[in-house]
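# Structural description and commentary
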Amino acid sequence: LPYSGSTGCYWNRCTFCPEKAEGTRYLPIPPERVISDLNLLKEGPSPVLIHFLDSAVSPSLMEALSDKGPSVPWYGFARVGRQLADPDFCLSLKRSGCVMLQLGIESGDQTVLDKMEKGTSIKMASQALKALKKAGIATYVYLIFGTPAENLKSAKKTLEFITSHCGSIDFLNLAV
């Protein structure tokens with residue numbers, strides 16, 4: 001069952017993002033309403049899987065899901081951040097029904113991430129992948145090769161990052 005907790009992206013700073021380029025505003029549904037909607041949907045159509053269509057599930061919605069999640073399997077896009085680097089938080093997400101998170105890691109080179117204004121770090125991505133794996137949450141990792149900020153050395157760093165984390169990555173989506 002598809003569900004949107006927001007339109008746009010709460011971060012909205014990545015230089016490559018079409019939502020930023022198109023001027024799409026971030027319009028979230030309050031987390032309490034999302035939880036209420038999910039509980040109603042759980043009783044009505046009885047979904048076997050909920051797919052969050054959000055560009056990135058916000059930290060406040062992620063928190064609400066971890067506390068009062070639908071107890072129905074769910075997945076969606078999430079930004080790598082402190083929450084996902086916390087093993088206890090990832091365990092609470094798993095208990096809420098989270099089965100997979102789609103993560104836009106984009107590059108394994110910090111300089112490239114900084115130039116793309118991703119607002120994340122390689123160290124945090126590493127911690128998040130490990131914490132999610134330990135919690136039993138699958139990861140679908142997105143990478144972008146060939147950006148203006150990337151060169152051969154930085155592309156190789158991305159390959160090294162992925163190779164060193166292959167045990168914590170379940171799916172890869174490579175874009176050139």
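Residues numbered from 1 in each chain as written. Predicted model: local features only at pLDDT ≥ 70, side-chain atom pairs only at ≥ 80, totals over all residues. Heavy atoms only, no water.

What the protein contains, in helices and strands, is 8 helices and 8 strands. Principal-axis analysis of the C-alpha atoms places the extent of the protein at approximately 50 × 35 × 25 Å. Here the protein holds 176 residues, and 48% of them are scored as buried. Pairs at least 24 residues apart make up 71% of the contacts formed inside the protein by residues separated by at least 6 positions. Each charge class in the protein can be summarised by its mean position, and for the 19 positive and 17 negative side chains these summaries are 5 Å apart. (Helix = DSSP H or I, 4+ residues; strand = E, 2+ residues; numbered from the N terminus. Buried < 20%, exposed > 50% of the residue type's maximum accessible area, 1.4 Å probe, protein only. Contact = heavy atoms within 4.5 Å. Lys, Arg positive; Asp, Glu negative; His and termini not counted. Charge placed at Lys NZ, Arg CZ, Asp CG, Glu CD.)

For the rest of this paragraph, the subject is the sheet that holds strand S8 (residues 171-175). With respect to topology, 6 strands assemble into an open sheet ordered S1-S4-S5-S6-S7-S8, the strand pairing being parallel. Strands with a single pairing partner mark the edges of an open sheet, and in this sheet they are strand S1 (2-3) and S8. Two strands pair when backbone bridges link them, and strand S6 (residues 98-106) and strand S7 (residues 138-144) are joined in this way by 6 bridges, in the parallel orientation. From the neighbouring strand, Leu101 faces S7, where its bridge partner is Thr139. Against the sheet, helix H5 (residues 87-96) makes contact with strand S5 (74-78) and S6, and its axis sits at roughly 130° relative to S6, the strand it touches most. (Pairing = 2+ DSSP bridges. Axes fitted to C-alpha atoms, helices over the stretch in contact; angles between N-to-C directions.)

Next up on the list: the environment of Val141. If you trace the backbone, Val141 turns up in strand S7. Placed 92 residues apart in sequence, Val141 and Leu49 show a C-alpha to C-alpha distance of 20 Å. Excluding residues within four positions of it along the chain, Val141 makes contact with Leu103, Ile105, Leu129, Ile162, Ile169, Phe171, Leu172 and Asn173.

With respect to the element layout, Glu150 can be found in the loop between S7 and helix H8 (152-164). Buried charge Glu150 goes without a salt bridge, the closest partner of opposite sign being Lys157 at 11 Å. There is a polar contact of 2.5 Å between the side chain of Glu150 and the backbone nitrogen of Gly146. Apart from residues no more than four positions distant in its own chain, Glu150 is found in contact with Val112, Ile144, Phe145, Ala155 and Thr158. (Salt bridge = Lys/Arg side-chain N within 4 Å of Asp/Glu carboxyl O. Polar contact = N/O pair within 3.5 Å; in protein donor to acceptor, adjacent residues only side chain to side chain.)

What follows deals with the packing of aromatic side chains. Scanning the model with the defined rule gives 6 aromatic pairs in all. Here the aromatic rings of Phe77 and Tyr142 are separated by 5.4 Å at their centres, their planes lie at 40°, and the arrangement is tilted. With Phe77 in strand S5 and Tyr142 in strand S7, the pair connects residues that are 65 residues apart, well separated along the chain. Above the ring of Trp11, the side-chain terminus of Arg13 is found at 4.0 Å from the ring centroid. (Phe/Tyr/Trp six-rings, centres within 6.5 Å; stacked < 30°, edge-to-face > 60°. Lys NZ or Arg CZ within 6 Å of the ring centre and 35° of its normal.)

With that settled, consider a nonpolar patch on the surface. A grouping of Val48, Leu49 and Val99 is seen on the molecular surface, where their side chains present a nonpolar patch of about 240 Å² in accessible area. Looking at the secondary structure, you find Val48 in the loop between helix H2 (31-43) and strand S4 (50-52). For Val48, a relative accessible area of 71% gives the class exposed. (Patch = residues over 30% accessible without salt bridge, like charges linked within 9 Å, V, L, I, M, F, W, Y side chains within 5 Å. Areas by Shrake-Rupley, 256 points an atom, 1.4 Å probe, with all protein chains shown as cover.)

The next subject is the packing of H5 against helix H7 (residues 122-135). Interhelical geometry of H5 versus H7 gives an angle of 45° and a closest axis separation of 8 Å. Here H5 lies oblique to H7, going by the angle between them. For the pair H5 and H7, the sense of crossing is right-handed. Residues Pro87, Cys90, Leu91 and Lys94 of H5 pack against Ala131, Leu132 and Ala135 of H7. (Parallel < 35°, antiparallel > 145°, perpendicular 65-115°, else oblique. Left-handed = near helix turned anticlockwise from the far one by under 90°.)

Our focus in this paragraph is the pairing of S8. Bridge count for S7 against S8 is 5 bridges, and the pairing is parallel. Its bridge partner being in S8, Tyr142 is matched across the sheet by Asn173. Crossover connection from S7 via H8 to parallel S8: handedness right-handed. (Right-handed = clockwise from strand over helix to strand, strands pointing away.)

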